[in-house]
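The lines below spell out each chain.
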Amino acid sequence: LLGAPNAATAIDFTGSYADPNHPGCPRLISVENDNKALISGADGNPGCPGGVGRPWKLVGKVDGDKIFVDFSPKGGPKDLTGVWEAGKNPGVRFPDGNKWTLQAKP
């Protein structure tokens, strides 16, 4: 199957993340069996004092070491590609250079 996500080599993006563009705001990714990703969080102005902000939920899909997120409900692109960065501070790097750093796995 060409073009189908490869579950065997897919990174498990599931976890909680820190977004330096929105300090203190939650960022959660949950990946389901079919490589569907559920992304949720909140935005502040720009931070979230006490973790409180405007909540949002997005959907996406995982393919290998990439996650494709539909940010259109937040006014962003429909298929924003994040790339997994392994190493000392693993996380998801987006095209604008922003990186969500993994904080915890469930």
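Conventions adopted
Within any chain, residue numbers begin from 1 and follow the written order of that chain's sequence. Given that the model is predicted, a residue must reach a pLDDT of at least 70 before its local features are reported, and side-chain atom pairs must reach 80 or more before they are shown or counted; all residues, however, enter totals for whole chains, interfaces and linings. Here the side-chain values reflect all heavy atoms present in the structure, with hydrogen atoms and water set aside. Strands are runs of DSSP state E lasting at least two residues, helices are runs of H or I lasting at least four, and both sets are numbered from the N terminus onward. Burial status follows relative accessibility: with a 1.4 Å probe on protein chains alone, a residue under 20% of its type maximum counts as buried, one over 50% as exposed, and anything between as partly exposed. A contact between two residues is defined here by any heavy atoms of the two lying within 4.5 Å. Computed with the Shrake-Rupley method and a 1.4 Å probe, the accessible areas treat only the protein chains shown as cover for residues. Charge assignment in this entry is limited to Lys and Arg as positive and Asp and Glu as negative, and neither His nor the chain termini are counted. Charge positions come from single atoms, namely NZ of Lys, CZ of Arg, CG of Asp or CD of Glu. Disulfides are defined as cysteine sulfur pairs within 2.5 Å. Only centres within 6.5 Å qualify two rings of Phe, Tyr or Trp (six-membered ring in Trp) as a pair; their planes then separate them into stacked at under 30 degrees, edge-to-face at over 60, and tilted for everything else. Two strands qualify as a pair provided that DSSP identifies no fewer than 2 bridges between them. Buried residues of nine kinds, namely Ala, Val, Leu, Ile, Met, Phe, Trp, Tyr and Cys, make up a nonpolar core once their side-chain atoms join them within 4.5 Å. Where helices are involved, their axes are fitted lines through C-alpha atoms of the stretch in contact, as for all axes, and angles between N-to-C directions lie from 0 to 180°.

Quick word on the overall build of the chain
Broken down by element type, the chain carries 0 helices and 8 strands. The linear arrangement of helices and strands in the chain, starting from the amino end, is β-β-β-β-β-β-β-β. Principal-axis analysis of the C-alpha atoms places the extent of the chain at approximately 45 × 30 × 25 Å. When each of the 106 residues of the chain is scored for burial, the buried share is 34%. When contacts within the chain are restricted to residue pairs at least 6 apart in sequence, those whose partners lie at least 24 apart make up 36%. Of the accessible surface of the chain, which amounts to about 6200 Å², a share of 57% is contributed by carbon and sulfur atoms. Of the charged side chains in the chain, 12 are positive and 11 negative, and the gap between their average positions amounts to 4 Å.

Some words on the state of the cysteines
This structure, assessed with the given rule, holds 1 disulfide. The side chain of Cys 25 participates in a disulfide bridge whose partner is Cys 48; the two sulfur atoms lie 1.9 Å from each other. Between Cys 25 and Cys 48 the disulfide shows an S-S torsion of about 95 degrees. By sign, it is right-handed. On the criterion of sequence distance, the pair formed by Cys 25 in the loop between β1 (15–18) and β2 (27–31) and Cys 48 in the loop between β3 (36–43) and β4 (54–63) is long-range, its members being 23 residues apart. Per residue, the accessibility class of Cys 25 equals that of Cys 48, and both read buried.

Some details on the packing of aromatic side chains
Taken as a whole, this structure holds 4 aromatic pairs when the rule is applied. Consider the rings of Phe 13 and Trp 84, whose centres lie 5.5 Å apart with planes at 90 degrees: the pair is edge-to-face. Within this pair, whereas Phe 13 is found in the segment before β1, its partner Trp 84 is found in strand β6 (residues 80–85), the two being separated by 71 residues in sequence. Taking relative accessible area as the criterion, Phe 13 reaches 0% and is therefore assigned buried.

Section: the pairing of strand β8 (residues 99–104)
Pairing of β1 with β8 involves 3 bridges; the strand directions are antiparallel. Counterpart to Ser 16 in the pairing with β8 is Ala 104. Count of turn residues in the strand β7 (residues 91–93)/β8 antiparallel hairpin: 5 residues, of which Gly 97 carries a positive phi of about 95 degrees.

A short note on the nonpolar core
When a protein is soluble and globular, its nonpolar side chains tend to lie buried together. Membership of the largest hydrophobic core comes to 16 residues, with the highest contact counts inside it found for Phe 13, Tyr 17, Ile 29, Ile 39, Ile 67, Val 92 and Trp 100. Of all the secondary-structure elements, those providing two or more residues to this core are β3, β4, β5 (66–69) and β8. Ranked by the residues each element gives to this core, the list is headed by β4, at 3 residues. Residues in contact with Val 92, not counting those within four places in the same chain, are Phe 13, Tyr 17, Ile 29, Ile 67, Gly 82, Val 83, Trp 84, Asn 98, Lys 99 and Trp 100.

Digging into the sheet that holds β2
With antiparallel pairing, 8 strands are arranged side by side around a closed barrel as β1-β2-β3-β4-β5-β6-β7-β8. Between one strand axis and the next, the sheet turns by 30 degrees as a mean value, whatever way the strands run. Relative to β6, β5 is paired through 4 bridges, and the arrangement is antiparallel. Of the residues in β6, the one forming a bridge with Phe 68 is Thr 81.

Some points on the environment of Lys 61
Among the secondary structure elements, Lys 61 is positioned in strand β4. We classify Lys 61 as partly exposed; its relative accessible area is 40%. In this structure Lys 61 touches Asn 35, Ala 37, Lys 66, Ile 67, Phe 68 and Asp 79, once residues within four positions along its chain are discounted.

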